[in-house]
Amino acid sequence: MTGLLFHSIDEKPRLNMSSYSKRKFGQFLDYLNSNDINTITVSEHTAHPQNQQKASAVITFDDALQSFYDNAYPLLEEKKIKTTIFAIAGLVGKSGNWDVMGQTRHISAPALRKLAYRGHEIGSHSLTHANLIWLDDADLMKELRDSKTILENITGSAIKSLSFPFGSWNKRVWDAAKSAGYEYAAAYRGHHRAPPEILPVMGVYRFDSVTDIAGRMLPDKSLSSRCSRITAKIMSHFSKGTPICKFRKEYYKRFP
Ligand SMILES: [Zn+2]
């Protein structure tokens, strides 16, 4: 199964490609419920292989933006759907300037704690949204370990899953992640040689219809589903976001 990766859910979608309409998101959740598609977290998906046999969906959110909490969370509560939210630990409760579209507010620590309490899985999306494959060993471990500790202190529960910023990983990164205590990961753009504990996830973009998303997620070999998956792969190359190298350097100076 392929998981889905959302970024921001907005009342009025912003100009960036990964901003998705709140109205369409609500329709997608209704589609899941009316088709009896169960939603499971990244950990549940991999830890319990029997879950993969049933009609189930893994819905993930990268970056843990305030827009998730304002717009997606009320709908998820109303429709009783569980997701996995990957937070950038160094940006929790802060505004980042790393989106090309301007200031982006990130979720607060109390809100993140509440999501964990309500049964959503909280995972790490690194400390500073660094591209992990380019880091030396010390910085790589800092991104993995410090983010895990910060998020565990906020949520009061173990952080087991990781989402690689920019979907960028290799064997060295995953080995380091396992030694830092991660058990599962979600990888944007997937890889055919990924180990089973790394779940491939496909992006959802502002122009996608509910049918497009459904086709991308289910192991459906129809032409429309294949086209939807190809579109997502192409889009992932054009919407990699802005690397926030500057933020990483400033953060390391303040918290060595
Ligand atoms: Zn990200």
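Residues numbered from 1 in each chain as written. Predicted model: local features only at pLDDT ≥ 70, side-chain atom pairs only at ≥ 80, totals over all residues. Heavy atoms only, no water.

Engineer: Is there a simple way to think about the overall build of the chain in this case?
Structural biologist: Summing up its helical and strand segments, the chain has ten helices and twelve strands in all. The 256 residues of the chain split such that 55% are buried. Long-range pairs, those at least 24 residues apart, make up 67% of the contacts in the chain with a sequence separation of at least 6. Total accessible area computed for the chain in this model is approximately 11800 Å², and 55% of it derives from carbon and sulfur atoms. (Helix = DSSP H or I, 4+ residues; strand = E, 2+ residues; numbered from the N terminus. Buried < 20%, exposed > 50% of the residue type's maximum accessible area, 1.4 Å probe, protein only. Contact = heavy atoms within 4.5 Å. Areas by Shrake-Rupley, 256 points an atom, 1.4 Å probe, with all protein chains shown as cover.)

Engineer: I'm lost on the nonpolar core in this one. Help?
Structural biologist: Across soluble globular proteins, nonpolar side chains have a tendency to be buried as a group. Counting residues in each nonpolar core, the largest one holds 60 residues, and the members touching the most others are F6, F25, F28, L144 and F164. Per-element accounting of this core gives the leading share, six residues, to helix α4 (residues 66–79). Every residue in contact with F28, bar those within four places of it in the chain, is listed here: L4, F6, I59, V210, I213 and M217. One finds I40, V42, A186 and Y188 within the second-largest nonpolar core, a separate group that totals eleven residues. (Core = buried A, V, L, I, M, F, W, Y, C linked by side-chain atoms within 4.5 Å.)

Engineer: Looking at this model, I keep getting lost on the coordination of the zinc ion. Mind explaining?
Structural biologist: In an ideal octahedron of six donors the angles at the metal are 90 or 180 degrees, and in an ideal tetrahedron of four donors they are 109.5 degrees. Around the zinc ion, the protein contributes the donor atoms D63 (OD), H125 (NE2) and H129 (NE2), which lie 2.1 to 2.2 Å from the metal centre. On the primary sequence, the residues serving as donors to the zinc ion are separated as D-x61-H-x3-H. (Donors = N, O, S within 2.8 Å, 3.2 Å for Na, K, Ca; no water.)

Engineer: What am I meant to see in helix α1 (residues 22–34) here?
Structural biologist: In an α-helix, one turn spans 3.6 residues; hence positions three or four apart end up facing the same way. Here α1 spans 18 Å end to end across 13 residues, near enough to the 18 Å set by a 1.5 Å rise per residue. Three or more residues of α1 are buried, namely K24, F25, G26, F28, L29 and L32. Backbone nitrogen of R23 and a side-chain oxygen of the N-cap are separated by 3.2 Å at the start of α1; the cap is S21. The first or second residue beyond α1 is D36, which carries a positive phi of 55°. (Expected span 1.5 Å × (residues − 1). Polar contact = N/O pair within 3.5 Å; in protein donor to acceptor, adjacent residues only side chain to side chain.)

Engineer: What exactly am I supposed to notice about the environment of E44 here?
Structural biologist: Within the secondary structure, E44 sits in helix α2 (residues 42–47). E44 sits 140 residues away from Y184 along the chain, and the two C-alpha atoms are 9.7 Å apart. A polar contact is formed between the side chain of E44 and the backbone nitrogen of T41, at a distance of 2.9 Å.

Engineer: Would you mind showing me how to read the side chain of T83 here?
Structural biologist: Tracing the backbone through its elements, the reader meets T83 in the loop between α4 and β6 (84–87). Under the relative-accessibility criterion, T83 is labelled buried at 0%. Excluding residues that lie within four positions of it along the chain, T83 makes contacts with T41, I59, F61, F68, L76, H120 and E121.

Engineer: Can you help me understand the environment of D10 in this one?
Structural biologist: Examined against the element boundaries, D10 turns out to sit in strand β2 (residues 8–10). Exposure remark for D10: the relative accessible area of 9% places this residue in the buried category. If we skip the residues at most four places from it in the chain, D10 touches S19, Y20, S21, K22, S67 and N71. A polar atom in the side chain of D10 sits 2.8 Å from the side chain of S8.

Engineer: Would you explain the packing of aromatic side chains in this entry?
Structural biologist: The description of an aromatic ring pair rests on the distance of the ring centres and on the angle between the ring planes. Following the criterion strictly, the structure yields eleven aromatic pairs and no others. Measuring from ring centre to ring centre gives 5.8 Å for F6 and Y20, while their planes differ by 65°; the resulting arrangement is edge-to-face. Highlighted residues: F6 in strand β1 (residues 3–6) and Y20 in strand β3 (residues 19–21), separated in sequence by 14 residues. Summarising the burial analysis for this pair, F6 and Y20 share the class buried. Considering the side-chain rings of F6 and F25, the 5.1 Å spacing of their centres and the 80° angle between planes classify their relative orientation as edge-to-face. With F6 in strand β1 and F25 in helix α1, this residue pair connects regions lying 19 residues apart in the sequence. A single burial state applies to F6 and to F25, both of which are buried. Grouped by ring-pair contacts, the aromatic residues F6, Y20, F25, F28, Y31, F61 and F68 constitute a single cluster. Here K148 stacks its cationic end above the ring of Y182, 5.9 Å away from the centre of that ring. (Phe/Tyr/Trp six-rings, centres within 6.5 Å; stacked < 30°, edge-to-face > 60°. Lys NZ or Arg CZ within 6 Å of the ring centre and 35° of its normal.)

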